[in-house]
Amino acid sequence: MIDLDGYRVLVTGGGRGIGAACCRLFAEVGAAVCVHYRNREGAAGSVLESLRTSANQPHFKVAADLSEPPGADAVLDAIGRTWGRLDCLVNNAGIWVRNPLTELDPQLLNETWALNARAVFLCSAAAVPFLEQSVDGSIVNIGSTAGQRGEAMYSPYAASKGALIAATKSWSSELAPRIRVNCVAPGWVDTELSAEAFAEGGREAIEETIPLGRVASPVDIAGPVVFLASQLARHVTGEVLNVNGGSVLAG
Ligand code: NAD
């Protein structure tokens, strides 16, 4: 039902986890994919090799550290050189770092903000000229349940994800009608980011708090991302789609 044949999609942090699942699902429904990664070239190469081949537009990968401002330009320059157009930007790269307010580490605060928020602004700004070349351009920001209800001991992370909700809503008006902007807000997902929290019995305790009874797999998140990028969601913009198995959304 979803056919993204001819679409060109950039997924930041596409070398593993949720990003890799997005890359695979986009390719499965016909899109050409740019797999952005930071430094694990082998992992990004494996993702690239696993992608269903699209008819006329080869997939490709590009490396950049997005926590530094030139990173966004480097990635979008590669999009410009290779495709000259973009149909969907998935702002997925992110870090989740413990940083309690009473022991606030300013360096970690900066690192979290630089990647989870500033890089999303910089990538999105640099992507707009290419998204404007599309007849169905969209941005999908990967937020978090933490961005809505907060997260004790992780307030810099929660605040960075809250910023993405505000940015999503702002840009959805600012960039209309050419570009739709939405946010997917996952709860717990089984990836490297959360592996430590799941260790030593943590996973069972977490799953007890999830009405659907399990932690999401990366592909559980990729499905809604691909939906929002597709024509099935052509009248959806400024939306935050919670994908969390029914976990409490407020309080
Ligand atoms: P992950 O750790 O597997 O992937 C994170 C990705 O970000 C990796 O591809 C990594 O290369 C990239 N990245 C990290 N630092 C970077 C940098 N400096 N420059 C460029 N790229 C960098 O984690 P994931 O769970 O797949 O996370 C993907 C997104 O989903 C993140 O934005 C995260 O906040 C969000 N999220 C995850 C969960 C969860 O439980 N796993 C829950 C809610 C939201």
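Quick look at the overall build of the protein chain now. Across its full length, the protein chain holds 9 helices and 7 strands. Rg of the C-alpha trace for the protein chain: 17 Å, near the compact-globule value of 18 Å for 251 residues, within the 12% margin. If one aligns the C-alpha atoms of the protein chain with their principal axes, the spans along those axes are about 50 × 40 × 35 Å. Burial analysis of the protein chain (251 residues in total) assigns 52% to the buried set. For the protein chain, the accessible area works out to roughly 11400 Å², and carbon and sulfur atoms hold 53% of it. Separation of charge centres in the protein chain, based on 19 positive and 26 negative side chains, amounts to 5 Å.

So, about the pairing of strand E3 (residues 60-63). Only one face of E3 is buried, namely the one carrying Phe60 and Val62, since none of Lys61 and Ala63 on the opposite face is buried. By the bridge criterion, 4 bridges tie strand E2 (residues 32-37) to E3 in an arrangement that is parallel. If you follow Val35 over to E3, its bridge partner there is Lys61.

What follows deals with the packing of aromatic side chains. This structure, assessed with the given rule, holds 5 aromatic pairs. On the numbers, 5.1 Å between centres and 80 degrees between planes, the contact of Phe121 with Trp171 is edge-to-face. Of this pair, Phe121 sits in helix H4 (residues 106-131) while Trp171 sits in helix H6 (residues 155-174), and the two are 50 residues apart along the sequence. The exposure class assigned to Phe121 is partly exposed, which follows from its relative accessible area of 38%. Taken together, a centroid distance of 5.6 Å and an interplanar angle of 55 degrees make the contact between Trp188 and Phe198 tilted. Here the residue Trp188 occupies a position in the loop between strand E6 (179-186) and helix H7 (195-198), and Phe198 occupies one in helix H7, the gap between them amounting to 10 residues.

Further remarks concern a nonpolar patch on the surface. Residues Leu101, Leu104 and Leu109 make up a contiguous nonpolar surface patch of about 270 Å² in total accessible area. Tracing the backbone through its elements, the reader meets Leu101 in the loop between strand E4 (88-91) and H4. According to the relative accessible area criterion, Leu101 is exposed, its value standing at 66%.

The next thing to look at is helix H9 (residues 218-229). Here H9 is 12 residues long and its end C-alpha atoms lie 17 Å apart, about the 16 Å a rise of 1.5 Å per residue gives. Residues Pro218, Ile221, Ala222, Pro224, Val225, Val226, Leu228 and Ala229 constitute the buried set of H9. Looking at the buried side of H9, the elements it contacts are helix H1 (17-28), E4, strand E5 (137-142), E6 and strand E7 (240-243).

At their nearest, the axes of H4 and H6 sit 9 Å apart, and the two run at 15 degrees to each other. By the angle between their axes, H4 is roughly parallel relative to H6. Relative to H6, the crossing made by H4 is right-handed. Taking contact as the criterion, the partners of Leu109, Thr112, Trp113, Asn116, Ala117, Val120, Phe121 and Ser124 in H4 are, on H6, Pro156, Tyr157, Ala159, Ser160, Lys161, Ala163, Leu164, Ala167 and Trp171. Considered class by class, the residues forming the contact of H4 with H6 number 12 nonpolar, 4 polar and 1 charged.

Once that is clear, we can look at the packing of helix H3 (residues 70-82) against H4. Two quantities define a packed helix pair, namely the angle between the axes and the distance from one axis to the other. Running from amino to carboxyl end, H3 crosses H4 at an angle of 20 degrees, the nearest separation of the two axes being 9 Å. Comparing their axes, H4 and H3 come out roughly parallel. Considering only the axes of H3 and H4, their crossing is right-handed. Facing Ala72, Asp73, Leu76, Ile79 and Gly80 of H3, the residues of H4 in contact are Leu122, Cys123, Ala126, Ala127 and Phe130. Residue composition of the contact of H3 with H4, grouped by class: 8 nonpolar, 1 polar and 1 charged.

With that out of the way, let us pick up the site of the ligand. By nearness alone, 28 residues border the ligand, and Asp65, Asn92, Tyr157, Lys161 and Thr191 come closest of all. Between a nitrogen atom of the ligand and a side-chain N or O atom of Asp65, the distance comes to 2.8 Å. Measuring from an oxygen atom of the ligand, one finds a side-chain N or O atom of Tyr157 at 2.7 Å. In the complex, the protein chains occlude 95% of the 820 Å² of accessible area that the ligand would expose alone. Elements that contribute at least two residues to the shell around the ligand include exactly H1 and H6.

Our next topic: the pattern of salt bridges. Applying the stated criterion to the full structure yields 8 salt bridges. Taking the shortest distance from any N to any O, the salt bridge between Arg40 and Glu192 comes out at 2.7 Å. In this pair, Arg40 sits in the loop between E2 and helix H2 (41-50) while Glu192 sits in the loop between E6 and H7, placing the two residues 152 residues apart along the sequence. Residue class for Arg40 comes out partly exposed when judged on its relative accessible area of 41%.

Conventions and cut-offs
Residues numbered from 1 in each chain as written. Predicted model: local features only at pLDDT ≥ 70, side-chain atom pairs only at ≥ 80, totals over all residues. Heavy atoms only, no water. Helix = DSSP H or I, 4+ residues; strand = E, 2+ residues; numbered from the N terminus. Rg over C-alpha atoms; globule rule 2.2 N^0.38 Å. Buried < 20%, exposed > 50% of the residue type's maximum accessible area, 1.4 Å probe, protein only. Areas by Shrake-Rupley, 256 points an atom, 1.4 Å probe, with all protein chains shown as cover. Lys, Arg positive; Asp, Glu negative; His and termini not counted. Charge placed at Lys NZ, Arg CZ, Asp CG, Glu CD. Pairing = 2+ DSSP bridges. Phe/Tyr/Trp six-rings, centres within 6.5 Å; stacked < 30°, edge-to-face > 60°. Patch = residues over 30% accessible without salt bridge, like charges linked within 9 Å, V, L, I, M, F, W, Y side chains within 5 Å. Salt bridge = Lys/Arg side-chain N within 4 Å of Asp/Glu carboxyl O. Expected span 1.5 Å × (residues − 1). Contact = heavy atoms within 4.5 Å. Axes fitted to C-alpha atoms, helices over the stretch in contact; angles between N-to-C directions. Parallel < 35°, antiparallel > 145°, perpendicular 65-115°, else oblique. Left-handed = near helix turned anticlockwise from the far one by under 90°. Nonpolar A, V, L, I, M, F, W, Y, C, P; charged D, E, K, R; others polar. Near = heavy atom within 4 Å. Polar contact = N/O pair within 3.5 Å; in protein donor to acceptor, adjacent residues only side chain to side chain.

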